[in-house]
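# Structure at a glance
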Amino acid sequence: MATAPLFSAAGEKLGDATLGEAIFDQAVREDLVHQAIERELANRRQGTHDVKSRSEVRGGGRKPYRQKGTGRARQGSIRAPHYRHGGIVHGPTPRGYHKDMPQKMRRAAFRSALSAKARDGGIRVLEALDVAAISTKQFAAWLGRLEPGAKTVVVLSARDQNTALSARNIPNVRVIVLPGLSTMTVVWADTLIFTRDAVSKIEELYSA
């Protein structure tokens, strides 16, 4: 049975919260987690890199000097690759890096990452979250009472403007609204802070 420290909205420890076995107490498949992270990183790439070949570089339409009689090697264009400002050989061209991964594998990787985080003590659960006013200083002080790691992700079931604006200037702190939590974000974070509603929602979304 997976458990995590339970805190009140004020940051006081209330005990332990039970986490659903279907999400937070599964066998850890490192191979699937690795594959899911590779897929996410690949799908972020735009693939717009490009260099100019000798046919695209400006100039070089005239033969630089006559074919014979100069004692030099024959040349057809000053935009050949061996010339300065010439075209690039075998350089990158626009391409797609998109990778696919079956939904069942993606979800298994996500559950594996959460299960590993739960076993390592990297999950906190909030009875409720009440950020009454936008204040980075107050939010940082409240966050410190939860004893988070260096990199923290606050996971909410619904958008909360005060929380998002209060946390956005704190280094290595992210606020994620479900279902926006990804396997890579789970692995990146040292500590995941879930509200009770977020735990219920994630169990509802990813149990199958």
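Everything here concerns the structure above.
Criteria and cut-off values
- Residues numbered from 1 in each chain as written.
- Predicted model: local features only at pLDDT ≥ 70, side-chain atom pairs only at ≥ 80, totals over all residues.
- Heavy atoms only, no water.
- Helix = DSSP H or I, 4+ residues; strand = E, 2+ residues; numbered from the N terminus.
- Rg over C-alpha atoms; globule rule 2.2 N^0.38 Å.
- Buried < 20%, exposed > 50% of the residue type's maximum accessible area, 1.4 Å probe, protein only.
- Contact = heavy atoms within 4.5 Å.
- Areas by Shrake-Rupley, 256 points an atom, 1.4 Å probe, with all protein chains shown as cover.
- Lys, Arg positive; Asp, Glu negative; His and termini not counted.
- Charge placed at Lys NZ, Arg CZ, Asp CG, Glu CD.
- Core = buried A, V, L, I, M, F, W, Y, C linked by side-chain atoms within 4.5 Å.
- Arc of directions from axis to C-beta.
- Pairing = 2+ DSSP bridges.
- Axes fitted to C-alpha atoms, helices over the stretch in contact; angles between N-to-C directions.
- Expected span 1.5 Å × (residues − 1).
- Phe/Tyr/Trp six-rings, centres within 6.5 Å; stacked < 30°, edge-to-face > 60°.
- Lys NZ or Arg CZ within 6 Å of the ring centre and 35° of its normal.

## Thoughts on the overall build of the protein
Counting its secondary structure elements, the protein contains seven helices and six strands. When the elements of the protein are put in sequence order from the N terminus, they spell out β-β-α-α-α-β-α-β-α-β-α-β-α. Over its C-alpha trace the protein gives a radius of gyration of 27 Å, far above what one expects of a compact globule, namely 17 Å for 208 residues. Across the 208 residues of the protein, 38% fall into the buried class. Taking the contacts inside the protein whose residues are at least 6 apart along the sequence as the reference set, 69% of them involve residues at least 24 apart. Of the roughly 12500 Å² that the protein leaves accessible, carbon and sulfur atoms contribute 48%. Each charge class in the protein can be summarised by its mean position, and for the 33 positive and 20 negative side chains these summaries are 22 Å apart.

## Some points on the nonpolar core
Leu19, Phe24, Leu114, Ile123, Leu181, Phe194 and Ile202 are the most contacted members of the largest nonpolar core, which totals 26 residues. When residues of this core are traced back to their parent elements, those giving at least two are strand S1 (2-7), strand S2 (13-19), helix H1 (21-24), helix H3 (103-119), strand S3 (123-126), strand S4 (152-156), strand S6 (191-195) and helix H7 (196-206). Residue contacts for phenylalanine 24: discarding those within four places in its chain leaves Ala2, Leu19, Leu114, Ser115, Ala118, Ile123, Phe194, Val199, Ile202 and Glu203. Residues Phe139, Leu143, Ala167 and Ile170 belong to the second largest nonpolar core, which totals 14 residues.

## Comments concerning the side chain of threonine 195
Topologically, threonine 195 is positioned in strand S6. Residue classification places threonine 195 among the buried residues on the basis of a relative accessible area of 9%.

## Considerations on helix H4 (residues 136-144)
Residues of H4 that are buried include every one of Phe139, Trp142 and Leu143, and no others. Down the axis of H4, the buried set is contained in an arc of 100°. They therefore lie on one face. Exposed residues pointing more than 90 degrees away from the buried face of H4 are listed as Lys137 and Gln138. Looking at the buried residues of H4, the elements they touch are S3, S4, helix H5 (161-167), strand S5 (173-177) and S6.

## Remarks on the sheet that holds S3
Within the open sheet, the six strands sit side by side as S2-S1-S3-S6-S4-S5. Their pairing is mixed. What marks the edges here is a single partner per strand, and that holds for S2 and S5. Between one strand and the next, the sheet's axes are offset by a mean angle of 30°, whatever the strand orientation. For S4 and S5, the ladder comprises five bridges, and the chain directions are parallel. The partner of valine 153 across the bridge, within S5, is arginine 174.

## Re H3
End to end, H3 covers 24 Å across 17 residues, agreeing with the expected 24 Å (1.5 Å per residue, within 8%). Here H3 has its buried residues at Ala108, Ala109, Phe110, Arg111, Ser112, Ala113, Leu114, Ser115, Lys117 and Ala118. Where H3 terminates, the next one or two residues include glycine 121, which has phi positive at roughly 75°.

## Some details on the packing of aromatic side chains
In total, this model carries three aromatic pairs according to the counting rule given. Each ring, one from phenylalanine 110 and one from tyrosine 206, has its centre 4.6 Å from the other, and the planes form 45°; the classification is tilted. A residue pair is termed long-range when its members are at least 10 positions apart, and phenylalanine 110 in helix H3 and tyrosine 206 in helix H7 qualify at 96 residues. For tyrosine 206, a relative accessible area of 13% corresponds to the buried category. The cationic tip of arginine 95 hangs over the ring face of tyrosine 97; the distance from NZ or CZ to the ring centre is 3.9 Å.

No statement about biological role is implied by the geometric values presented.
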